[in-house]
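What follows is the residue order along each chain.
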Amino acid sequence: MKNWGFKISQARIIDLDKANTKMFEDLCLKVPSAKRCIMCGGCSATCTASNHTNFNFRNCNLMFRRGQFEGLAEELDKCMLCGKCKLVCPRGVNTRAIIYNMRIILNKMNYKNIEL
Ligand code: SF4
Ligand code: SF4
């Protein structure tokens, strides 16, 4: 095959009808404000962990919503639960509680044993 010096990315299709959204519904029972997130990224812009790692709360939240749990526990492990993100959220989302509860849910699902 001819090498054109570039390649086309693999198609990445997410079928939301087949996604496991049950865990996100469970999370919303514990932290109702999780539903208010509009993925603006304000929390990530101010995040302490993001300053030192590639941690991104918005991305973690999106993965959890879609039921994409692989590798998520390791990502959430980077959060220090300092709560700065909660202070800047324009939608009043309790981000800290979301992260804490996502960790508990993933632990129960045996995605990885992490310290809570
Ligand atoms: S700042 Fe609030 S609304 Fe924006 S992405 Fe973060 S949690 Fe969601
Ligand atoms: S609680 Fe976690 S996600 Fe929020 S600012 Fe602190 S380190 Fe970042």
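Structure's up top.
Residues numbered from 1 in each chain as written. Chains lettered and ligands numbered in written order. Predicted model: local features only at pLDDT ≥ 70, side-chain atom pairs only at ≥ 80, totals over all residues.

Draft legend 1. Up close: the overall build of the protein. Of regular secondary structure, the protein possesses seven helices and zero strands. Put simply, the protein runs from its N terminus to its C terminus through helices and strands in the order α-α-α-α-α-α-α. Projected onto its principal axes, the C-alpha positions of the protein cover 55 × 30 × 30 Å. Burial statistics for the protein: of 116 residues in total, 21% are counted as buried. Of the contacts formed within the protein by residues at least 6 apart in sequence, a portion of 63% connects residues at least 24 apart. (Helix = DSSP H or I, 4+ residues; strand = E, 2+ residues; numbered from the N terminus. Buried ≥ 20, exposed ≤ 12 C-beta atoms within 10 Å, placed from the backbone. Contact = placed C-beta atoms within 7 Å.)

Draft legend 2. Fine view of the site of ligand 2. Surveying the vicinity of ligand 2 reveals 14 residues, the closest of which are C47, A49, C79, C82 and C85. For the shell around ligand 2, the secondary-structure elements that each account for two or more residues are α3 (48-52), α6 (84-88) and α7 (95-108). The element contributing the most residues to the shell around ligand 2 is α7, with three residues. (Near = placed C-beta within 6 Å.)

Draft legend 3. How the structure looks around the site of ligand 1. In the region of ligand 1, the neighbouring residues are C37, I38, M39, C40, G41, G42, C43, R58, C89, R91, V93 and T95. Taken together, the residues of the shell around ligand 1 sort by class into seven nonpolar, three polar and two charged. (Nonpolar A, V, L, I, M, F, W, Y, C, P; charged D, E, K, R; others polar.)

Draft legend 4. Seen up close, α7. The terminal C-alpha atoms of α7 lie 20 Å apart, and with 14 residues this matches the ideal 20 Å at 1.5 Å per residue to within 8%. When α7 is considered as a whole, its buried residues turn out to be T95, R96, I98, I99, N101, M102, R103 and L106. Of the surrounding secondary structure, the elements contacted by the buried residues of α7 are α1 (22-30), α2 (42-46), α4 (57-66), α5 (72-76) and α6. (Expected span 1.5 Å × (residues − 1).)

Draft legend 5. Representation of α4 within the structure. Residues F57, R58, C60, N61, F64 and R65 constitute the buried set of α4. Down the axis of α4, the sector holding all buried residues measures 165°, keeping them to one side. Buried residues in α4 make contact with α1, α2, α5, α6 and α7. Count one or two residues on from α4 and you reach G67, which has phi positive near 75°. (Arc of directions from axis to C-beta.)

Draft legend 6. Representation of the nonpolar core in the model. Counting residues in hydrophobic clusters, the biggest one holds 17 residues, and the most contacted among them are C47, F57, L76, I98, I99 and M102. Mapped by element, the contributors of at least two residues to this core are α4, α5 and α7. Considering each element in turn, this core owes the most residues, four residues, to α7. (Core = buried A, V, L, I, M, F, W, Y, C linked by C-beta atoms within 7 Å.)

Draft legend 7. Spotlight on unusual backbone geometry. Unlike most non-glycine residues, M39 shows phi in positive territory, near 60°. Assignment of secondary structure puts M39 in the loop between α1 and α2. Located in the positive-phi region is L81, a residue other than glycine, with phi close to 55°.

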